[in-house]
Amino acid sequence: MKKKSVRKKERYRVKKTALWGVTLLLSAAVYAGAYVLFTDPLVSLFTALILLVPVSFKVRRELERRYEKVMRKEFVSCLVSISGALSSGVRLEQAITEIAASESSEFARIRPEFVRMSKLIQLNLPAEKAFSELSERVPVPDIKLFSQALDYAVPSGVNLIELTRMFSSSMRIRNDVEAEISKSLNLPKYNNRIVTAMPFFMIALMRLTASDYLSGLDRGIGNIVKLIVALLIIGAVVLGELLGNIRYAE
């Protein structure tokens, strides 16, 4: 159990660096936007701190989604390579070793895991157990599903060539569908972000060029108006993210 917790820590070490880097960058953008709107450092800091948790949650989810997408895409390439090797008469263990020794960019992110699998196989661990260990280290549902299928297939004498072809084909279809969904949503997402950022840009421009026009917004009921505007912008951001959160059905 202790060994498993160490593996999880190693897997997320680099991801945490990216997580906090992007989170701090977005928090700085929130601070800048709030300062443009309210011209008060304390209010801007308070706003950035309040939004720190949802921003970090969003960044974490996006990084994990991209990680899963990359690993799933490379795993499909691995299955295609394994299927070809099996068709030529190579054993599954040898096919894994070939991927571990390959320098192809198709396996750049997942290759270290296959190197580890190859070493485990050299220690007489069965190939299906090596895939099971891979599914624990790489938290991608498709990899876990293939590992479970392999656990059943090897003792039952199922045709491994057909199994790998079936999985690679279904995973490739899913990747293509998700790519098409992402392509269709990219333009609306960017439009939403531009429209969201435009009020801050216009207010900042007016403060630099004609600050007298905004003097009425910096006192009395103007602060209430700015607060309502800020809440509406936050609502627009949340609504835009929810409407654009379309995923491939499992």
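Above this note sits the structure.
1. Considering the packing of aromatic side chains
Scanning all chains against the criterion turns up six aromatic pairs. Considering the side-chain rings of F131 and F146, the 5.3 Å spacing of their centres and the 70 degrees angle between planes classify their relative orientation as edge-to-face. Of this pair, F131 sits in helix α6 (residues 127-137) while F146 sits in helix α7 (residues 141-156), and the two are 15 residues apart along the sequence. Between the aromatic rings of F146 and F167, the centroid separation amounts to 5.2 Å while the plane-to-plane angle is 80 degrees, which identifies the pairing as edge-to-face. Of this pair, F146 sits in helix α7 while F167 sits in helix α8 (residues 160-209), and the two are 21 residues apart along the sequence. Using a relative accessible area of 9% as the deciding quantity, one classes F167 as buried. Feature note: the residues F75, F114, F131, F146 and F167 constitute an aromatic cluster, connected by ring pairs.

2. Brief notes about helix α9 (residues 221-243)
With 23 residues, α9 should reach 33 Å at 1.5 Å per residue; the first-to-last C-alpha distance of 33 Å fits that figure. Within α9 the residues assigned to the buried category are G222, K226, A230, I233 and G240.

3. A few points about the environment of S83
Note that S83 resides in helix α3 (residues 52-87). Of the residues examined, S83 reaches a relative accessible area of 5% and is grouped as buried. Placed 80 residues apart in sequence, S83 and L163 show a C-alpha to C-alpha distance of 8.6 Å. In this structure, S83 is in contact with I161, T164 and R165, ignoring residues within four places of it in sequence.

4. Thoughts on the packing of α6 against α7
How two helices pack is summed up by the angle between their axes together with the distance between the axes. At their nearest, the axes of α6 and α7 sit 9 Å apart, and the two run at 160 degrees to each other. In terms of orientation, α6 lies roughly antiparallel with respect to α7. When the axes of α6 and α7 are compared, the crossing they make is left-handed. The segment α6 lies against α7, with E128, F131, S132, L134 and S135 engaging I143, K144, F146, S147, L150, D151 and V154. Along the lines of polarity and charge, the residues of the contact of α6 with α7 split into six nonpolar, three polar and three charged.

5. Examining a nonpolar patch on the surface
Together, L217, I221, I224, V225, I228, V229 and L232 give the surface a local cluster of nonpolar side chains, amounting to about 620 Å² of exposed area. Among the structural elements, L232 can be located in helix α9.

6. Remarks on α7
Its 16 residues place the ends of α7 23 Å apart at the C-alpha level, agreeing with the 22 Å of an ideal helix rising 1.5 Å per residue. Of the residues making up α7, those classed as buried are D142, I143, F146, S147, A149, L150 and A153. Packing partners of the buried residues in α7 comprise α3, α4 (92-101), α6 and α8. A positive phi of about 75 degrees marks G157, the residue just after α7.

7. As for the nonpolar core
Counting 34 residues, the largest nonpolar core has F75, F114 and F131 as its most contacted members. Looking at this core, the elements with two or more residues in it are α3, α4, α5 (111-122), α6, α7 and α8. Per-element accounting of this core gives the leading share, nine residues, to α3. Setting aside residues no more than four positions away along its own chain, F75 makes contact with I110, F114, F131, L134, I143, F146 and M171. One finds V36, L37, F38 and I203 within the second-largest nonpolar core, a separate group that totals six residues.

Conventions and cut-offs
Residues numbered from 1 in each chain as written. Predicted model: local features only at pLDDT ≥ 70, side-chain atom pairs only at ≥ 80, totals over all residues. Heavy atoms only, no water. Phe/Tyr/Trp six-rings, centres within 6.5 Å; stacked < 30°, edge-to-face > 60°. Helix = DSSP H or I, 4+ residues; strand = E, 2+ residues; numbered from the N terminus. Buried < 20%, exposed > 50% of the residue type's maximum accessible area, 1.4 Å probe, protein only. Expected span 1.5 Å × (residues − 1). Contact = heavy atoms within 4.5 Å. Axes fitted to C-alpha atoms, helices over the stretch in contact; angles between N-to-C directions. Parallel < 35°, antiparallel > 145°, perpendicular 65-115°, else oblique. Left-handed = near helix turned anticlockwise from the far one by under 90°. Nonpolar A, V, L, I, M, F, W, Y, C, P; charged D, E, K, R; others polar. Patch = residues over 30% accessible without salt bridge, like charges linked within 9 Å, V, L, I, M, F, W, Y side chains within 5 Å. Areas by Shrake-Rupley, 256 points an atom, 1.4 Å probe, with all protein chains shown as cover. Salt bridge = Lys/Arg side-chain N within 4 Å of Asp/Glu carboxyl O. Core = buried A, V, L, I, M, F, W, Y, C linked by side-chain atoms within 4.5 Å.

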